[in-house]
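# Fold and contact review
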Amino acid sequence: MFRNHVLGLSLGIGMCVTSAATAVVEYTAALVVQEGEQALDAPPGAVFAPGRAFQLSMLGNGDVVFAKTLQQGAGGINFTNDRGVWMGQRGSVSAIAKGGDIAPGVPGNVPFAFGFDIKVNEAGQYAITATLDDTVPGIDNTNNRGIWYGEAGQPLTLLARDGDSVPSVPGATYDSLRVEDIDSFSGQVLMSNTLTVGVGGVTSSNNDLIMVGTPGNVQTVFRQDDPAPGTSGLAFDQFTLVQSTPVGDVAVSALTSASFNNGIWFGPPNNPSLVAKTGDPAPELRNGAVFDFVSHLAVNGPGQMIFQGGELFAAVNTGVFFLDGGSRSLILQEGEAIPGVTSSMTYSGSPFAALNEAGRYAMTARVDLPSGATENAMLINDPAGGFTFISLSGVDTDTLPSGARFSSYQPSFVDDSDTLLIYAGLEEGFGGITPANNEGLWLYDDVHGLQKIFQKGDLFDINPDPLIDDLHAITAFSFGHVDEFNRLPVSFELDGAPDGVYILTLVPEPSALALLALGSLAMLRRQA
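Note that this is a predicted model, so its numbers are computed, not measured.

## Considering the overall build of the protein
Check the secondary structure of the protein and you find 1 helix and 37 strands. Each of the 528 residues in the protein was classed as buried or not, and the buried ones make up 55%. Once local pairs closer than 6 in sequence are excluded, the contacts in the protein between residues at least 24 apart make up 44%. Summed over its atoms, the accessible surface of the protein is roughly 20900 Å², and 51% of this surface lies on carbon and sulfur atoms.

Next up, the structure:
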């Protein structure tokens, strides 16, 4: 383990600190696996390939889960067996499933081929969508895809497979399966599926469905053409967004059989309730508005939801709403002042929101400034009332080089805390921002404000020896969520060094600013 401050890379003039005022998060970094290393549970000579890992998750026991490829042409690895999902820590990373492994629950010893997608919950349970080797007799595009369920120390179990019978729809068979989420309370898997048209009375107008369950206990939550709860004579037509909460509630945005009609439903899988739909009155908005559209943005375990809706056709009159225990309130309305901020707000059309378990939320939005200019921003509600405003398109000299500015934010809360992990894009052409340094990760909390973790183009030290620097520019990265122990799983592609998967343990330290102000070209590191 080593403690690391990454330095900015100023193109054309070598290394330099990005800004004397830059607020940087200090962290320790622990390598998990890297390019060129032998992969456990793989043939001798099979090594991890260059490139990033994806679908990274951090488990409570310190294990990292990720999807990564093996190097073709080494150890018998080719395009049929080079994909896999892995779990573990340094020296003990093993395969959950990989190409060439025999798929549990499938007759005839059929191996996995490629296309792994994994969802993991906080309890360490996981669901994997994977494809089977269709060169095996009897395997084709009607039955070569499935979902498998597992947890650490337990073998994978087949949950559902294309071509198999659907327990909750007699006579029907699965045609296309996809995992959406897996909740932490019950371990139930949330799936969006289509059924085989022409089998068991299934047609193109009733073949979409949303399901939840565990092996041997799968139930349908919503099905196309079924009556939409809380409506008079309307049926579901198309599902546009589905989420589950840590305790197993399900939220769905869906179109209905009425023209230009959509709605939101939320609640237990066996009894979801209508939240709002097109045509409903929206008395919270101006002038007796009626919803033209509704779309949910975020949900949490206590049954709270953030959604947007309003009038788009007759007038531009939209808002963001907060649902708590069935009680709905308006958070913000287009054209009206933001509480605690001296400006008014206009929606971008598809704001991104995050909601923690305590009901605190953050959202992206467009803001009309008193000057008449329009600015992108992130708004974080203050528990005492009002909002904290973070500029997106304006210059932010505390976290960026002079003249640089943000272009986008994607916030998510760190575990159940009030701290936000923020993936942000930077606008090219301003303050030296180019494709080589146009994205990064930041933290935000009420005490420290906005602090950079790292940015593409920064220098990363791959040598754990505190007396030896081995610095390489970050050329690409992927990441998971920060857990309750401030651990962030990341995967770096590095210039001139092996690509790797790391665990960064974050330590926000504003005192580090004084060191950065020295402007030294040396790496500022301290032994952990």
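Okay, back to it.
## Some remarks on the pattern of salt bridges
Following the criterion strictly, the structure yields 14 salt bridges and no others. The closest approach of N and O atoms between Lys 98 and Asp 101, which form a salt bridge, is 2.9 Å. Connected via shared salt-bridge partners are Arg 360, Asp 418 and Asp 446.

## Focus on the sheet that holds strand E9 (residues 117-120)
Judged by pairing direction, the sheet is antiparallel, and its 4 strands sit side by side in the order E9-E10-E11-E12 without closing on themselves. The strands lining the two open edges of the sheet, one partner per strand, are E9 and strand E12 (157-161). Here the strands of the sheet are splayed against their neighbours by 20 degrees on average, with no regard to which way each runs. Note: E9 against strand E10 (residues 125-131), 4 bridges, orientation antiparallel. Across the sheet, the residue bridging to Lys 119 is Ala 127, located in E10.

## Quick word on the sheet that holds strand E16 (residues 217-223)
As summarised here, the arrangement of the 4 strands in space is E13-E14-E15-E16, forming an open sheet in which the pairing is antiparallel. Whereas interior strands pair on both sides, the edge strands pair on one side only; in this sheet they are strand E13 (174-182) and E16. Going across the sheet, the axis of each strand differs from the next one's by a mean of 30 degrees, ignoring polarity. Here strand E15 (residues 208-214) pairs with E16 via 6 bridges, running antiparallel.

## Some words on unusual backbone geometry
One non-glycine residue with positive phi stands out, namely Asp 41, at about 65 degrees. Mapping Asp 41 onto the fold places it in the loop between strand E4 (25-34) and strand E5 (54-58). Given the relative accessible area of 46%, Asp 41 is considered partly exposed. A positive phi angle, close to 55 degrees, is found at Gln 55, a residue other than glycine.

## A look at the nonpolar core
Within the largest apolar cluster, 23 residues are counted, with the highest numbers of intra-cluster contacts made by Ile 96, Phe 112, Ile 128 and Trp 148. When contributions to this core are tallied by element, the ones reaching two or more residues are strand E6 (64-69), strand E7 (83-88), strand E8 (94-98), E9 and E10. Among the elements that line this core, the one with the most residues is E10, at 3 residues. Once residues within four sequence positions are removed from consideration, Ile 128 is found in contact with Val 85, Ile 96, Ala 97, Phe 116, Asp 117, Ile 118, Gly 146, Ile 147, Trp 148 and Leu 156.

## A closer look at the packing of aromatic side chains
Throughout the structure, instances matching the rule amount to 22 aromatic pairs. Here the aromatic rings of Phe 454 and Phe 477 are separated by 5.0 Å at their centres, their planes lie at 90 degrees, and the arrangement is edge-to-face. A residue pair is termed long-range when its members are at least 10 positions apart, and Phe 454 in strand E33 (residues 449-455) and Phe 477 in strand E35 (residues 471-479) qualify at 23 residues. Phe 477 matches Phe 454 in its accessibility class, with the two residues each being buried. Taking the centre distance of 6.2 Å and the plane angle of 40 degrees together, the rings of Phe 477 and Phe 479 count as tilted. A connected cluster of aromatic rings, assembled from ring pairs, spans Tyr 423, Phe 454, Phe 460, Phe 477, Phe 479, Phe 492 and Tyr 502. The ring centre of Phe 430 lies 3.6 Å from the NZ or CZ of Arg 405, which sits over that ring.

## Concerning the side chain of Asn 437
Counting through the fold element by element, Asn 437 comes out in the loop between strand E31 (420-426) and strand E32 (439-445). A distance of 2.7 Å separates a polar side-chain atom of Asn 437 from the backbone nitrogen of Thr 434. Excluding anything up to four places from it in sequence, Asn 437 contacts Leu 426, Gly 432, Gln 455 and Lys 456.

## Some points on the pairing of strand E24 (residues 327-333)
Pairing geometry for strand E23 (residues 317-324) and E24, over 6 bridges, is antiparallel. Note on E24: the bridge partner recorded for Leu 323 is Arg 328.

## Describing the side chain of Gln 125
Along the chain, Gln 125 turns up in strand E10. A polar contact is formed between the side chain of Gln 125 and the side chain of Tyr 149, at a distance of 3.4 Å. Among residues more than four places away in sequence, those in contact with Gln 125 are Lys 119, Val 120, Tyr 149, Gly 150, Glu 151, Ile 182, Asp 183 and Gly 187.

## Description of the pairing of strand E21 (residues 293-299)
A regular strand carries its side chains on alternate faces of the sheet. Burial analysis of E21 places 6 of its 7 residues in the buried class, the great majority of the element. Judged from the 6 bridges that link them, E21 and strand E22 (residues 304-311) form a sheet pairing that is antiparallel. For Val 294, the partnering residue across the bridge sits in E22 and is Gly 309.

## Details of the confidence of the model for the protein
Confidence in the prediction of the protein, expressed as mean pLDDT, is 85, and 90% of residues score 70 or more. Segment residues 510-528: pLDDT under 50, and 48 contacts once partners within four positions in sequence are set aside and those in other chains are kept.

## Focus on the environment of Trp 86
Inspection of the secondary structure assignment puts Trp 86 in strand E7. As for Trp 86 and Asp 41, which are separated by 45 residues in sequence, their C-alpha atoms are 9.9 Å apart. Of note is the side chain of Trp 86, whose polar atom sits 3.3 Å from the backbone oxygen of Lys 68.

## Quick notes on the environment of Gly 146
The residue Gly 146 is located in strand E11 (residues 145-151) in this model. The exposure class assigned to Gly 146 is buried, which follows from its relative accessible area of 0%. Filtering out sequence-adjacent residues up to four positions away, Gly 146 remains in contact with Ile 128, Thr 129, Ala 130, Ala 160, Arg 161 and Leu 177.

The rules behind each value
Residues numbered from 1 in each chain as written. Predicted model: local features only at pLDDT ≥ 70, side-chain atom pairs only at ≥ 80, totals over all residues. Heavy atoms only, no water. Helix = DSSP H or I, 4+ residues; strand = E, 2+ residues; numbered from the N terminus. Buried < 20%, exposed > 50% of the residue type's maximum accessible area, 1.4 Å probe, protein only. Contact = heavy atoms within 4.5 Å. Areas by Shrake-Rupley, 256 points an atom, 1.4 Å probe, with all protein chains shown as cover. Salt bridge = Lys/Arg side-chain N within 4 Å of Asp/Glu carboxyl O. Pairing = 2+ DSSP bridges. Axes fitted to C-alpha atoms, helices over the stretch in contact; angles between N-to-C directions. Core = buried A, V, L, I, M, F, W, Y, C linked by side-chain atoms within 4.5 Å. Phe/Tyr/Trp six-rings, centres within 6.5 Å; stacked < 30°, edge-to-face > 60°. Lys NZ or Arg CZ within 6 Å of the ring centre and 35° of its normal. Polar contact = N/O pair within 3.5 Å; in protein donor to acceptor, adjacent residues only side chain to side chain. pLDDT = per-residue confidence, 0-100.

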